[in-house]
Number of protein chains: 4
Amino acid sequence: MTGSEKTRLKVAVVGGSGYVGGELLRLLLPHPAVGDVRAFSESHAGETWGGVHPSLAHLGGGKFEPPDTAGAAAWADVLFFALPHGRSQEVIPEIPPAGPPLVIDLAADFRIHDQTLYSAYYGEHKAPSALEGFVYGLADVEGSRLRGKGRIAVPGCFATAALLAVHPLAAAGLLGETPTVFAVTGSTGSGVKPKRTTHHPVRAHNFFGYSQGGHRHEAEAAEQIRRWSGEEDGAIRILTHSAPIVRGIHATLLARVKEPLPDPGALFRKAYEGRPFVTVMDSPPELAAVVGSNHAHLHALSREGDRVVVVDCAEDNLVKGAAGQAVQVMNLALGHEETLGLGFGGLYPC
Amino acid sequence: MTGSEKTRLKVAVVGGSGYVGGELLRLLLPHPAVGDVRAFSESHAGETWGGVHPSLAHLGGGKFEPPDTAGAAAWADVLFFALPHGRSQEVIPEIPPAGPPLVIDLAADFRIHDQTLYSAYYGEHKAPSALEGFVYGLADVEGSRLRGKGRIAVPGCFATAALLAVHPLAAAGLLGETPTVFAVTGSTGSGVKPKRTTHHPVRAHNFFGYSQGGHRHEAEAAEQIRRWSGEEDGAIRILTHSAPIVRGIHATLLARVKEPLPDPGALFRKAYEGRPFVTVMDSPPELAAVVGSNHAHLHALSREGDRVVVVDCAEDNLVKGAAGQAVQVMNLALGHEETLGLGFGGLYPC
Amino acid sequence: MTGSEKTRLKVAVVGGSGYVGGELLRLLLPHPAVGDVRAFSESHAGETWGGVHPSLAHLGGGKFEPPDTAGAAAWADVLFFALPHGRSQEVIPEIPPAGPPLVIDLAADFRIHDQTLYSAYYGEHKAPSALEGFVYGLADVEGSRLRGKGRIAVPGCFATAALLAVHPLAAAGLLGETPTVFAVTGSTGSGVKPKRTTHHPVRAHNFFGYSQGGHRHEAEAAEQIRRWSGEEDGAIRILTHSAPIVRGIHATLLARVKEPLPDPGALFRKAYEGRPFVTVMDSPPELAAVVGSNHAHLHALSREGDRVVVVDCAEDNLVKGAAGQAVQVMNLALGHEETLGLGFGGLYPC
Amino acid sequence: MTGSEKTRLKVAVVGGSGYVGGELLRLLLPHPAVGDVRAFSESHAGETWGGVHPSLAHLGGGKFEPPDTAGAAAWADVLFFALPHGRSQEVIPEIPPAGPPLVIDLAADFRIHDQTLYSAYYGEHKAPSALEGFVYGLADVEGSRLRGKGRIAVPGCFATAALLAVHPLAAAGLLGETPTVFAVTGSTGSGVKPKRTTHHPVRAHNFFGYSQGGHRHEAEAAEQIRRWSGEEDGAIRILTHSAPIVRGIHATLLARVKEPLPDPGALFRKAYEGRPFVTVMDSPPELAAVVGSNHAHLHALSREGDRVVVVDCAEDNLVKGAAGQAVQVMNLALGHEETLGLGFGGLYPC
């Protein structure tokens, strides 16, 4: 408990009826530093949180309010946006300059500063001037550097897994050429709205690739890799697949390294030393072991004369890849203990 | 092979784009007695069969034609209807009296002759006069009695499982009071159109009851039980549930019997002796063992001084509970070998 | 937080390497009233908790100690037994009379006082004299009546679901004859040891009945029904099935009632008024909505002139049906707030 | 039907109780060119085929005989070996020189002629002299070149998918450097014996990598790539993963090409023109669309200035990746129509 009731945070979630919004509410409602919570939804205004997200019924809670960015901004200490990509850049500019001290956006809109990269994957940005204030909130890498930041873009779910896998190599200047990530996602990654590829008869025992000509998360990941490595043309391929899983992302990185790396595990352990939510494992991670938690599990090995490194990364796409990381980012920005409200271990087996 | 190419049947499927329609095509295309096949669909007219039903792509095949009941009736030797419930009674009356020798309907519309029973579950029938020509095609019970029939209503998926489980008891006059069937179905039972309860994140690890105040299939099942037992108020409860399975129905019958039945297995084995698609097992059936086949597996035991009988029945809802039984009915009606084109064993494990 | 560090409970888990043991540790480690935790395991002595139960790795934690009932009894304030059925009656008598103030057993061994009932399902009891001290801890029904109890047997997973569904009817004297429960369980119910029926290729898309001639949980459930209804021959049938689910039990109760019950929902709501972990829903419960939580969701409807009642109950077999109920029982016995450490909502979708 | 009863083949399956053996029986029993079938099993001798493989019960069939390689060799026209890797090289040398005209081995033992490659992945070969007679039976590439062959090694399941994806590029001399295949497999790939990683609670919602330091199938795939490309150091990485699927393999190939390939689809369509079991799709293949069939679905795209090609390949691991390809190989070797007995389309949805 970090403060008395009257000093607890007022937190608003804009776009609360999707899976990420529901997960934000699940994590924020019992968060020790959070006092009042409000949630806004266009499609479910007037409905109870528990009616839309069944497990919230057990946590008590209120009703979704109709969208009111200005009102939310005036009221909240922390404002989360969990809107569809492209929508954040329309509404976030509505926040007055004296807006809430902390705005955390979970869409892609404010993750990428290089407009060439952005437009190659997303088209033209509608509010490029609003980008300036935002930093990229890859919490497990940035850590205390996020303290005091007021505008933070939470990384995408695939980008989080890919970047956690590639960061130690990129930061050490070891990347020999464009690395490749083979990633799989569960069906919650496709959102709350039923469609053919998430129809149970179709998805239950299926597996298929998509966006393999260039997944959008390659853009934000490339920007970070360039930043870490100092190489202007740094890039990464993220080949994405849909698996018959509900929650979770598993990423396998294949990277050629500039010089032999006989013990990649040591490099990774050092890179994530003291980071509370990243564990470098002795064997390839099981996705199920992190489902429901904010933890990422990594494993690295080398092969082919130690010139090729394979890194596996497992995370819960809705927690580490979205809402959990967003809460972690809030903790870091506000100077709370990083793990506050995130100390749960996951559900296994599940 | 039962005949030369020129004597093979011309078969039409009206309503071919749903799961039952696709399954009918899958079974009819390689059927030795079937020559030409045509399929009609309102929603997918002009599309290829393989584009709509992926596994049909391997069987070659044509395109869906726009609905044309009269044209189909004039052309076909056998006309299958796989339309939504309520739609068959609108279009089947369009078939001219000199229509095809064999019409097989897979909807509920022509399964129930007692209009009190029908209307209690479905509302008023739009074409009651068309009912007269139809017989109820529970193939594994009726067998050769279907020979020469020209208008056959294929039982519902739950009704098939429930009736196979209850038939030996009802026919022996043993039913002491209203028996209860607890049944579970896979997600294909909900059809091809995505909705919340078949959304993969919702359905993948879920289980829930529905229609437990009175499932529609109770009506047709009651009519058959009355016919078999001679008791005017014969009835059955079918309490239905959705399971995270794609294909299959599992039904558990709980019945009090009028007199102790110490060896219900013997009664069941005798009742289904020689029936090619019903196997009375020595232990409770596994649903997976019948998936992809036209077989039903049954098991019966008694308890509580042999006054209570528990019968389990497993079937593939799309094969035995729909398309497979429809083809079996076609074989029986036309005097072909009952197993013709249905000799496949299923896919296990799958 | 209910006390300072030095007054927190010392808690021991005997049999900590199974799924129930792991779940106990998951709930006890962050429990506000719990201080030190120790866990004992014969098969995994010396291994870390997180090595055996992956999600515990995130919670820190220790190592399994070799079995030492006497030592555990001398050390602990609360002693949980999560041993295979039949094993508790061998080791619990080893606890000295001045043993820990609270012993909670999760096996079947001390649930049933009527030795005729017990032996019909389990064979002869090895320590019937040890039974006397034990009460049956159906937490959501017993509530504050458990306060001060020192020896509590936690109900079985199926029995919990069945009894929550039948209790309001039994207590109101409405049961007309032996009710039937159709129940399904996930694969964690079969334990941590791989076997054919939990082999993924076999189980993943399967469904089958077992123990339908008389499931063991019928015994403890019958004893409670007799106690509630005052009818000496009270009984219940529990027809159990295995579903391709990992966690959870869904039970459907079919009961004839002595007099018409037009609004069973009202009876159920009144019966569970104020009980924090039972919710009477307006529509049939979804199992997924309670997975990972200590909540049970119920729904009741009547049919056939209101003389037949159908009640659905959904619970997490490892939480409400085992470890969660055990912690709830601990809270109640020790006079803590009933929901202490159990306020989590579950994971949905999952 | 290709011949009268008396000229039909006598076929024996040695090692018939595993998943591949069961699948071989499922395909051989109704195969038009096959007459008598016998099956041998050490672990299940004396048991019925249907008792071991539930779906075979519907096909009739016999009992497993105790191992008798010499007897089987003397009796059979075609002898299939579906033994664990390493076992074939022990028993196949027992076949007398005048043995059956056709021996088809499904283990890894006779797939690799380069003993340096073999031993790097498998250790020393016990019967290298027996290797000479064997050819590598990648049916969809070799086609009619298999005619008349008497000793054929069926490719591994991962190798089949990887090689179908890489063959057009390798044969065209386009491979710029070692290509990488990211592959996932269903749980049947782990065999019939329960273990932790196929325990349903562990596997049902899990995903994890394994053998990523060098999967054994890299050896046989490298040998073929060298043969096709003429490059002595040709190689391929196969990074394997376990998915919560029962049947099927999905492989994603990432290859840099020596010169820009703007239309890889055209290259692939030309390479597989007329091959009955390979379809080059217009969009990424769905694994479910080939489950239960002998078909492989491929899709190719280029990216990054057309210098990088991504190829997806989906197959059923037990059919195309094992038993189906083995029957296809038999057809080709004996000069039967390639598709004989393999004309089924699969089960979708399933």
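See above for the structure.
Residues numbered from 1 in each chain as written. Chains lettered and ligands numbered in written order. Predicted model: local features only at pLDDT ≥ 70, side-chain atom pairs only at ≥ 80, totals over all residues. Heavy atoms only, no water.

Student: Explain helix α10 (residues 264–271) of chain C to me, using residue names and the numbers behind them.
Tutor: Residue and element names in this part refer to chain C. All of the buried residues along α10 are P264, G265 and F268. The buried residues of α10 occupy an angular sector of 100° when the element is viewed end-on, so they sit on one face. On its buried face, α10 is in contact with α7 (157–171), β12 (278–280), β13 (296–303) and β14 (308–315). (Buried < 20%, exposed > 50% of the residue type's maximum accessible area, 1.4 Å probe, protein only. Helix = DSSP H or I, 4+ residues; strand = E, 2+ residues; numbered from the N terminus. Arc of directions from axis to C-beta. Contact = heavy atoms within 4.5 Å.)

Student: How would you summarise the environment of A:G345 if you had to cite specific residues and measurements?
Tutor: Within the secondary structure layout, A:G345 lies in the segment after α11 (319–334). Judged by its relative accessible area of 7%, A:G345 falls in the buried class. A sequence separation of 51 residues divides A:G345 from A:N294, and the C-alpha atoms of the two residues are 7.9 Å apart. Those residues in contact with A:G345, other than ones at most four positions away along the chain, are A:A289, A:S293, C:S55, C:H58 and C:L59.

Student: Please give an account of the sheet that holds strand β11 (residues 278–280) of chain B that cites residues and values.
Tutor: Residues and elements named next belong to chain B. The strand order across the open sheet built from seven strands is β8-β9-β7-β10-β13-β12-β11, with neighbouring strands paired in mixed fashion. Of all strands in the sheet, those bounded by a partner on one side alone are β8 (208–210) and β11. With strand direction ignored, the average angle separating the axes of adjacent strands in the sheet is 25°. The pairing of strand β12 (residues 296–303) with strand β13 (residues 308–315) spans seven bridges and is classified as antiparallel. Across the sheet, L301 pairs through a bridge with V310, a residue of β13. (Pairing = 2+ DSSP bridges. Axes fitted to C-alpha atoms, helices over the stretch in contact; angles between N-to-C directions.)

Student: Would you mind going over the packing of aromatic side chains in detail, with residue names and values included?
Tutor: Enumeration according to the criterion identifies 14 aromatic pairs over all chains in this entry. With a centroid separation of 4.8 Å and 0° between ring planes, the pair formed by A:F182 and D:F182 is classed as stacked. Of the two residues, A:F182 is situated in strand β7 (residues 180–185) and D:F182 in strand β7 (residues 180–185); the pairing between them involves two chains. The same class applies to A:F182 as to D:F182, namely buried. Taken together, a centroid distance of 4.8 Å and an interplanar angle of 15° make the contact between C:Y118 and C:Y122 stacked. A residue pair is termed a helical-turn pair when its members lie 3 or 4 positions apart in one helix, as C:Y118 and C:Y122 do in helix α5 (residues 115–122) at four residues. On the basis of relative accessible area, C:Y118 is assigned to the buried category, the value being 3%. Note on C:Y122: relative accessible area 15%, which makes it buried. The cationic tip of C:R26 hangs over the ring face of C:F344; the distance from NZ or CZ to the ring centre is 5.9 Å. (Phe/Tyr/Trp six-rings, centres within 6.5 Å; stacked < 30°, edge-to-face > 60°. Lys NZ or Arg CZ within 6 Å of the ring centre and 35° of its normal.)

Student: How would you sum up the pairing of strand β1 (residues 9–14) of chain C? Please name residues and give values.
Tutor: All names here are of chain C. Extensive coverage of β1 is indicated by the burial of five of its six residues. The sheet contact formed by β1 and strand β2 (residues 34–40) spans five bridges and is parallel. Among the inter-strand pairings, V11 is bridged to a residue of β2, identified as V37. Running through helix α1 (residues 19–28), the crossover from β1 to the neighbouring parallel element β2 is right-handed. (Right-handed = clockwise from strand over helix to strand, strands pointing away.)

Student: Could you give an account of the relation of the copies chain D and chain C, with specific residues and numbers?
Tutor: In screw terms, the move from chain D to chain C is a rotation of 180° and a rise of 0.0 Å along the axis, fitting with an RMSD of 0.0 Å. Accordingly, the operation relating the two chain copies is best matched by a two-fold axis. When the interface residues of chain D are mapped onto chain C, 100% of them are again interface residues, pointing to one common binding face. (Least-squares fit on C-alpha atoms with pLDDT ≥ 70 in both.)

Student: Lay out the pattern of salt bridges with the relevant residues and their values.
Tutor: Residues and elements named next belong to chain A. All chains considered together, the criterion is met by 72 salt bridges over all chains. Here E304 and R303 are joined by a salt bridge, their closest N and O atoms 2.8 Å apart. One salt-bridge network, held together by shared partners, links E23, R26, R247 and D316. (Salt bridge = Lys/Arg side-chain N within 4 Å of Asp/Glu carboxyl O.)

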